[in-house]
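Inside the fold
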Amino acid sequence: MGSKSTLTEVKSGTSCKVLEVQGGRNAVSRLEALGIHPGVKLLKKSQLIGHGPVTVEINSHQVALGHGIAHKVLVETL
Amino acid sequence: MKILLVGNPNVGKSVIFSRITGHCVIASNYPGTTVDYSMGCIKWGDGTADYIDAPGTYDLLATCKAEEVTNDLLKDADLVVNVIDATNLERNLFLTLQLLGRKIPMIAVLNLWDETRHKGIEIDVEKLSAILGVPVIPTIALTGEGFDRMIEAMKNAPVPDRSFEREELWPEVGRIAAEVQTMFHRHHTFLDRLEDLSIHPISGLIFAVAVLCSAFFAVRFIGESIINFITTPIFKNYYSLFFEPLSKLLGGHESILSRIILGEYLPSQGYNIESSMGLLTTGVFVVFGVVLPYIIAFYLALGFLEDIGYLPRLAVMLDNFMHIVGLHGFSVIPMFLAMGCNVPGILATRSLESYQQRFIAITLISIAVPCAALQAMIVGVLGHRGFLYVLIVYATLLSMWLIIGLLLRRYVSGYNPELIMEIPPYRLPSLRSLFFKLWLRVKHFLIDAIPFVLVGVLIADLLVVFHIIDFIGVIFTPVIRWAWGLPNEAVSAILLGFLRKDIGVALLSPLNLTTRQLIVACTVLSTFFPCVATFAVMTKELGIKGMLKSVGIMLVAAFLAGSILNLILPAWN
């Protein structure tokens, strides 16, 4: 079991498990509908420099998240 | 009878819709291609039924305007056809389970069935159907495979009897997927590697620059080739032979009829298709000789980028940049569409989440994103004087986009959500659907453009023939002459730009403007006021109050931009 961190902190290429999604109700339900919810496993694909967006892969499909929202996704590395 | 196609964005609903109804709608490879619904008719028993293509949605809790449209449509649907991306069962089932709870007769189709094999996915269709309690039909929308069975199943669609609380949705999706889906390991393909490369912080940026440059040069190359090798020879060598005989038929060069239909006869060169301003000379030439070639070129390049699935990746790469103007990366897509025509660009902002973002995006589009027709005309009248001058117009528009965007971000208050976007896999575009989409867009352009351009030319001629323009010119002298340094006659070009921007620029060409005047006039025409079609859709999307605010910003911006250019540019004769 790895340590707890936000999605913006883990390195690209790391597999993690989502622990908690913080943020507004709207953002939480949008993420939920795209498959990012507590318990799901995902792979962080990339993050652009300078507070850039984060791209993750869930079930071999990719989702891009703005930096601010990615910062509110708490994960543990696997 | 109302039949509704519902599903996640980008699962092929529009392709199914086009095939079943024969009614043509645009389909691409990015989430949010359809933001409004389209309706067609199909035979149903002895009568007909309405068949509706709803905007894609991930969730029945609507979080943007496009999703609200779908929610409203569901309220009075009699039959739901839930389209599922078979390669992404889990995420799609999240919506399917919610749909079951609506208790509307329903079937599900597993579209993109052919792709499951490449992706190493196996789905037990019968088991899935048994669990969901509705028929499940595998389909391949592009070829129409499975459609007969789908239509058969629609006739006896059962009312689902399962429903779930929101917290139960994902656990249930997980259970279903584990039971019906088997995944095999597969090797990385070339497209997979390209996917990784195009969102990488460094290689992705290089790739984006390369794609944008190639797109730009492809559009120029295709557009100019059509002009140089097809349209110009036809107009110069054949079409213009008919002007003299026709003029005699209409009562000579000076008759009013000839003046309107063929335009002004210049003693030195006869009728000039570019500047005579007749319905059959300049009117026809603007549509077919200048604008159409670039419309074809632009939409060919755009269609390719759309269908391969590059636009969402560009949105990721430009997410940071778009934050400068208070938007997020997705708004790159409306901006791109707007470079073809502002109207679809503005409609595409429906996928943005908040009114504030939509106001900023729509205002920026209508001021500083020139449509393909306008760009073609600017290149047409300014390009042969020097490419630098065209560049000045573009640089001015880009600066205005940035400055106005910065100000709007600061002063428009409201909720400003961040990018949350699915990135579809790269798909090799099918040539058939690529050209079909191009044809839809070209047809749309011709239907829209021809009447407006001809009416515009007609009004311009009448204004000149009856000397009305001199009168209007005097009223606007302070702005047109003193601030922008343009002759009074330019007022007709700027006013008629309201009908269509391309005709506005065309009206500038007989005025013998200096290069500085032409740059000012082109910039003012681009920014000053939206064309009537854009104006209508702006009002619809922003409401009257929002539209008035947006237009107010526009008028001030165009006035300042024209005046500043007039002050700082050298005269260049």
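The model shown is predicted, which means the values in this text are computed figures rather than measured ones.

1. Re unusual backbone geometry
All names here are of chain B. For Leu 112, which is not glycine, the phi dihedral falls at a positive 60 degrees. By the element assignment, Leu 112 lies in the loop between strand E5 (106-111) and helix H4 (113-118). We classify Leu 112 as buried; it has 24 C-beta atoms within 10 Å. Even without being glycine, Met 277 reaches a positive phi, approximately 70 degrees. By the element assignment, Met 277 lies in the loop between helix H11 (256-261) and helix H12 (279-308). Exposure remark for Met 277: the 24 C-beta atoms within 10 Å place this residue in the buried category.

2. A few points about the interface of chain A and chain B
The interface of chain A with chain B comprises 28 residues on the first partner and 26 residues on the second. Within the residue set of the side of chain A that touches chain B, elements represented by two or more residues are helix H1 (25-33), strand E3 (41-47), strand E5 (61-65) and helix H2 (67-70) of chain A. Looking at the side of chain A that touches chain B, the element that brings in the most residues is H1(A), giving 6 residues. Here the side of chain A that touches chain B is built from residues that sort into 11 nonpolar, 15 polar and 2 charged. As paired strands, E5(A) and strand E9 (residues 420-423) of chain B are joined by 4 bridges and run antiparallel to one another. By the bridge assignment for E9(B), Gln62(A) is matched with Ile423(B).

3. Quick look at the domain arrangement of chain B
Residues and elements named next belong to chain B. Assigned domains within chain B: domain 1 (2-183) and domain 2 (203-568). Taking only C-alpha atoms into account, the centre of domain 1 sits 38 Å from that of domain 2. In this complex, domain 1 contributes 17 residues to the contact, which on the side of domain 2 involves 21 residues. Considering only residue class, the side of domain 1 that touches domain 2 consists of 10 nonpolar, 5 polar and 2 charged.

4. With respect to the pairing of strand E2 (residues 15-21) of chain A
All names here are of chain A. Pairing analysis gives 3 bridges linking E2 to E3, with the strands arranged antiparallel. Residue Lys 17 lies in a different strand from E3, and its bridge partner there is Lys 41. Relative to strand E6 (residues 73-77), E2 runs antiparallel, the two being bridged by 5 bridges. Each bridged residue has a counterpart across the sheet, and for Lys 17 the counterpart in E6 is Glu 76.

5. Some remarks on the confidence of the model for chain B
Averaged over all residues, the pLDDT of chain B equals 92, while 100% of them reach at least 70. For this predicted complex, the interface score ipTM comes out at 0.95, alongside a pTM of 0.92.

6. Thoughts on the pairing of E5(B)
Residues and elements named next belong to chain B. Most of E5 is tucked away: 6 of the 6 residues are buried. Here E5 shows a buried face lined by Met 106, Ala 108 and Leu 110 and a second buried face lined by Ile 107, Val 109 and Asn 111. With 6 bridges joining them, strand E4 (residues 79-85) and E5 adopt parallel strand pairing. Considered in E5, the bridge of Asn 82 is made with Ala 108. Assessed by its sense of winding, the connection that carries the chain from E4 through helix H3 (residues 89-100) to E5 is right-handed. Here E5 pairs with strand E7 (residues 136-138) via 3 bridges, running parallel. In the strand pairing of E7, Val 109 is matched with Ile 137.

7. Things to note about the sheet that holds strand E1 (residues 4-6) of chain A
Spatially, 7 strands are ordered E1(A)-E6(A)-E2(A)-E3(A)-E4(A)-E5(A)-E9(B) in an open sheet, and the strand pairing comes out antiparallel. Only two strands of the sheet have a single partner each, and these edge strands are E1 of chain A together with E9 of chain B. Between one strand axis and the next, the sheet turns by 40 degrees as a mean value, whatever way the strands run.

8. Quick look at the sheet that holds strand E2 (residues 38-44) of chain B
Residues and elements named next belong to chain B. Taken in spatial order, the 6 strands of this open sheet run E2-E3-E1-E4-E5-E7, and their pairing is mixed. The open sheet has two edge strands with one neighbour each: E2 and E7. Across the sheet, the mean angle separating the axes of adjacent strands is 25 degrees when strand polarity is ignored. Where strand E1 (residues 2-7) meets strand E3 (residues 47-53), 4 bridges bridge the pair, whose relative direction is parallel. Pairing of Leu 5 across the sheet is with Asp 53, part of E3. Taken strand by strand, H3 contacts E1, E4 and E5, and its axis lies near 165 degrees from that of E4.

9. Details of the nonpolar core
Residues and elements named next belong to chain B. Leu 4, Val 291, Ile 295, Met 377, Ile 378, Leu 382 and Ala 521 are the most contacted members of the largest nonpolar core, which totals 191 residues. Of the residues forming this core, the biggest block, 16 residues, is contributed by H12. Two domains each donate at least three residues to this core, and these are domain 1 (2-183) and domain 2 (203-568). Met 377 has contacts with Val 290, Val 291, Asp 502, Val 505 and Ala 506, leaving out every residue within four places of it along the chain.

What counts as what
Residues numbered from 1 in each chain as written. Chains lettered and ligands numbered in written order. Predicted model: local features only at pLDDT ≥ 70, side-chain atom pairs only at ≥ 80, totals over all residues. Helix = DSSP H or I, 4+ residues; strand = E, 2+ residues; numbered from the N terminus. Buried ≥ 20, exposed ≤ 12 C-beta atoms within 10 Å, placed from the backbone. Contact = placed C-beta atoms within 7 Å. Nonpolar A, V, L, I, M, F, W, Y, C, P; charged D, E, K, R; others polar. Pairing = 2+ DSSP bridges. Domains from an automatic or database assignment. pLDDT = per-residue confidence, 0-100. Right-handed = clockwise from strand over helix to strand, strands pointing away. Axes fitted to C-alpha atoms, helices over the stretch in contact; angles between N-to-C directions. Core = buried A, V, L, I, M, F, W, Y, C linked by C-beta atoms within 7 Å.

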